[in-house]
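Observations on the three-dimensional arrangement
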Amino acid sequence: MSQLKQAQTSPLKRFRELTGQIKQYEEILGVVYWDMRTGAPRKGIEMRSEAVGALSAETFKLSTSAEMGELLAQLSEPAQKEQLDDINRRLVEETAKEYERNRKIPPELYREYVVLTSQAESAWEEAKENNDFPGFVPYLEKIIAINRQFIELWGVKTTPYDTLLDMYEPGLTTVELDRLFGELRARLVPLAEQIANSKHRPDTTFLQGTFDKEAQKKFSKLILKDMGYDFEAGRLDESVHPFATGLSTGDVRITTRYLLHDVTSALFGTIHEGGHALYEQNITPELNGTPLSTGTSMGIHESQSRLWENMIGRSLGFWQRYLPDLQACFPGQLDEVSAEDFYRGINVVEPSLIRIEADELTYNLHIMIRYEIEKMLFNDNLSPRDLPAVWNRKYQEALGITPSNDAEGVLQDVHWSGGAFGYFPSYSLGNMYAAQMMVIARQKITTLDQQVASGMLLPLKEWLTEQVYQHGKLLQPGEIIERISGKSLESSHLCDYLENKYREIYHLE
Ligand code: ZN
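Residues numbered from 1 in each chain as written. Predicted model: local features only at pLDDT ≥ 70, side-chain atom pairs only at ≥ 80, totals over all residues. Heavy atoms only, no water.

For the rest of this paragraph, the subject is the overall build of the chain. When helices and strands are counted, the chain shows 22 helices and three strands. Rg of the C-alpha trace for the chain: 24 Å, near the compact-globule value of 23 Å for 509 residues, within the 12% margin. When its C-alpha atoms are laid out on the principal axes, the chain stretches across 80 × 50 × 50 Å. For the chain, the exposed area adds up to about 23,100 Å²; of that, 50% sits on carbon and sulfur atoms. (Helix = DSSP H or I, 4+ residues; strand = E, 2+ residues; numbered from the N terminus. Rg over C-alpha atoms; globule rule 2.2 N^0.38 Å. Areas by Shrake-Rupley, 256 points an atom, 1.4 Å probe, with all protein chains shown as cover.)

Take a look at the structure:
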């Protein structure tokens, strides 16, 4: 570009070019990650990792460049900011937040952390395999120490752990979460106890068997189609750990994993990722090519996957409509099962040690435990060495069971090896957001339950698009739930929903 032309380029135009370029690099990185996780040849991974590293570094450089700093300073000046439209104003705010966060970390420290966490992930895998928590402790200690440095550099928000929470759920505080989890504990722990003592445990024997993979795939695709997942703007593949990746609104891919002896695993996994995908496919085209064209927070994202997976996919009406289709996919295998029995069978509650295998009710207790422990690590200086004892005690208190070893206890999740402290609460926040949204959805779409029971899932998708999806990152999580329900996030809707559902299934008083 000539000097003259550069001088004529407005700060806004140049800023949009830069953020657009970053978004393009991220899209390319997204395709490469998708490829690496869905069957890229193993022998090419090492070279590919280097290519990923190079492009990531380039992206980081752009987002923290002196030019970006100057543009943000200019555009953030009150006189300039006033003239920006809503989209550009939010874009400046979001980019400035990222810029500040990244600029405060010395590059050497960042590099050290990237290397450490990638080593820690293999160390964690090994420790889990050999049930060797002490072998993982040195990594955990270093990761926590560097995270403490990050918190210092970013600035402590009320408590150190609050600073971490804000990364995943902007505006969320420990005060708020203490209240929400306290309320969940007060109602869900007794409910889980009542269920454990109930004589009406649903029959699940019909869920055992061998279920043809192609037929599972066919059924999963049928459900995705009815949910309104656009196959011309996405695809369904297989991977060990299912995920959804939004490259742009025109390319949102999901994966699932088919288990031969479990007909529900791939199905609910697909609906879950399908919920994430509906969100990303239906963001307004106005945000295309900007960093605002994505979900607004991890909690709101999880609310969409969980709403579709649990509140729709595990409802009685859904199975009144779709059980015949499932039966047709597996001739002779599920013929004797009624919709009512199928519904009860897929909603069995069992206190278990492993989070990712937990039912809809006890799942929240697994999350509550992790939240309390993370808070202790950062706010109360709990030593990582003491984690197994604390973990086991909390499982006994909340779920009445104790892991027999650390592999099925404190070592089960990958998150901490990657330094993702503050992420876990998103899962329960998602459940709470979803329950609160569904209360309003039923008021607005008065025949919602009849619609689901007749396979009409699109009106709900349209409503969610209007309320949540289209806004992308234009609205903050708190604004979304406030606009929908007129209130901030409450725990009572999730508790009501779970109590009603399980009282009926388990014939509780
Ligand atoms: Zn999810």
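From this point on, the discussion continues.
On to the coordination of the zinc ion. For the zinc ion, the protein coordination sphere consists of His272 (NE2), His276 (NE2) and Glu302 (OE), at 2.1 to 2.2 Å. Here the donor residues of the zinc ion are spaced in sequence according to H-x3-H-x25-E. One end of the pair, His272, is in helix H12 (residues 263–281); the other, Glu302, is in helix H13 (residues 298–312), and 30 residues separate them in sequence. The same class applies to His272 as to Glu302, namely buried. (Donors = N, O, S within 2.8 Å, 3.2 Å for Na, K, Ca; no water. Buried < 20%, exposed > 50% of the residue type's maximum accessible area, 1.4 Å probe, protein only.)

Right, let's get into the domain arrangement of the chain. Each assigned domain of the chain is listed with its residue range as follows: domain 1 (3–155) and domain 2 (174–505). Facing the 34 residues of domain 1 at the interface are 40 residues of domain 2. Interface area for domain 1 against domain 2, summed over the two sides, is near 3,400 Å², with a carbon-plus-sulfur share of 66%. Counting the surface domain 1 buries against domain 2, the share from its top three residues, Lys23, Trp34 and Phe133, is 21%. (Domains from an automatic or database assignment. Contact = heavy atoms within 4.5 Å. Buried area = accessible area lost by both parts, 1.4 Å probe.)

Take the packing of aromatic side chains next. Within this structure, the stated rule accounts for 23 aromatic pairs. Summarising the aromatic geometry, the rings of Phe150 and Trp154 are spaced 5.4 Å apart at their centres and angled 40 degrees between planes, so their arrangement reads as tilted. Taken together, the residues span about one helical turn, with Phe150 and Trp154 both in helix H8 (residues 133–154) at a distance of four residues. The pair formed by Phe150 and Trp154 is uniform in burial state, with each residue classed as buried. For the ring pair Phe424 and Tyr427, a centre distance of 6.3 Å and an interplane angle of 50 degrees mean the geometry is tilted. Using a relative accessible area of 1% as the deciding quantity, one classes Phe424 as buried. Here the aromatic cluster, defined as three or more aromatic residues joined through ring pairs, consists of Tyr168, Tyr363, Phe378, Trp391, Tyr395, Trp416, Phe421, Tyr423, Phe424 and Tyr427. Residue placement shows Arg37 over the ring face of Phe243; its charged tip is 3.9 Å from the ring centre. When the ring centre of Phe424 is taken as origin, the NZ or CZ atom of Arg370, which lies over that ring, is 5.5 Å away. (Phe/Tyr/Trp six-rings, centres within 6.5 Å; stacked < 30°, edge-to-face > 60°. Lys NZ or Arg CZ within 6 Å of the ring centre and 35° of its normal.)

Next up on the list: the side chain of Thr19. If you trace the backbone, Thr19 turns up in helix H2 (residues 11–37). Its relative accessible area of 2% is what places Thr19 among the buried residues. Every residue in contact with Thr19, bar those within four places of it in the chain, is listed here: Met68, Leu91, Thr95, Gly289 and Pro291.

If you walk through the whole model with that rule in mind, you get 36 salt bridges. As a salt-bridge pair, Lys13 and Glu17 come within 3.7 Å of each other at their nearest N and O atoms. Of the two residues, Lys13 and Glu17 both sit in helix H2, four residues apart, roughly one turn of that helix. A relative accessible area of 31% means that Glu17 is categorised as partly exposed. Glu94 serves as the salt-bridge partner of Arg90, at 3.3 Å between the closest nitrogen and oxygen. Here Arg90 and its partner Glu94 are both found in helix H6 (residues 86–103), four residues apart, which amounts to about one turn of the helix. Look at the salt bridges and you will find they share partners, linking Lys81, Arg90, Glu93, Glu94 and Lys473 into a network. (Salt bridge = Lys/Arg side-chain N within 4 Å of Asp/Glu carboxyl O.)

Residues Trp308, Trp319 and Met437 are the most contacted members of the largest nonpolar core, which totals 130 residues. Each of two domains, domain 1 (3–155) and domain 2 (174–505), supplies a minimum of three residues to this core. The next biggest cluster of nonpolar side chains, apart from the first, holds 17 residues, and it includes Leu71, Ile283, Leu287 and Leu292. (Core = buried A, V, L, I, M, F, W, Y, C linked by side-chain atoms within 4.5 Å.)

Moving on, we get to the sheet that holds strand E1 (residues 236–238). The mixed open sheet is built from three strands, whose spatial order is E1-E3-E2. Of all the strands in the sheet, the pair left with one neighbour each is E1 and strand E2 (244–248). Strand after strand, the sheet turns through a mean of 25 degrees between neighbouring axes, direction not considered. Sheet topology note: the E1/strand E3 (residues 251–256) ladder contains three bridges and is parallel. If you follow Asp237 over to E3, its bridge partner there is Thr255. (Pairing = 2+ DSSP bridges. Axes fitted to C-alpha atoms, helices over the stretch in contact; angles between N-to-C directions.)

The buried fraction of E3 amounts to six of the six residues, a majority that puts the element mostly inside the structure. Side chains Asp251, Arg253 and Thr255 project from E3 onto one buried face, and the interleaved Val252, Ile254 and Thr256 project onto a second face that is buried too. Summarising the sheet, E2 and E3 pair through four bridges and their orientation is antiparallel. Of the residues in E3, the one forming a bridge with Ala244 is Ile254. What sits between E2 and E3 in their antiparallel hairpin is a turn of two residues.

Take the environment of Thr264 next. Residue placement: Thr264 occurs in helix H12. With 82 residues separating them along the chain, Thr264 and Ile346 place their C-alpha atoms 7.9 Å apart. Apart from residues no more than four positions distant in its own chain, Thr264 is found in contact with Leu207 and Ile346.

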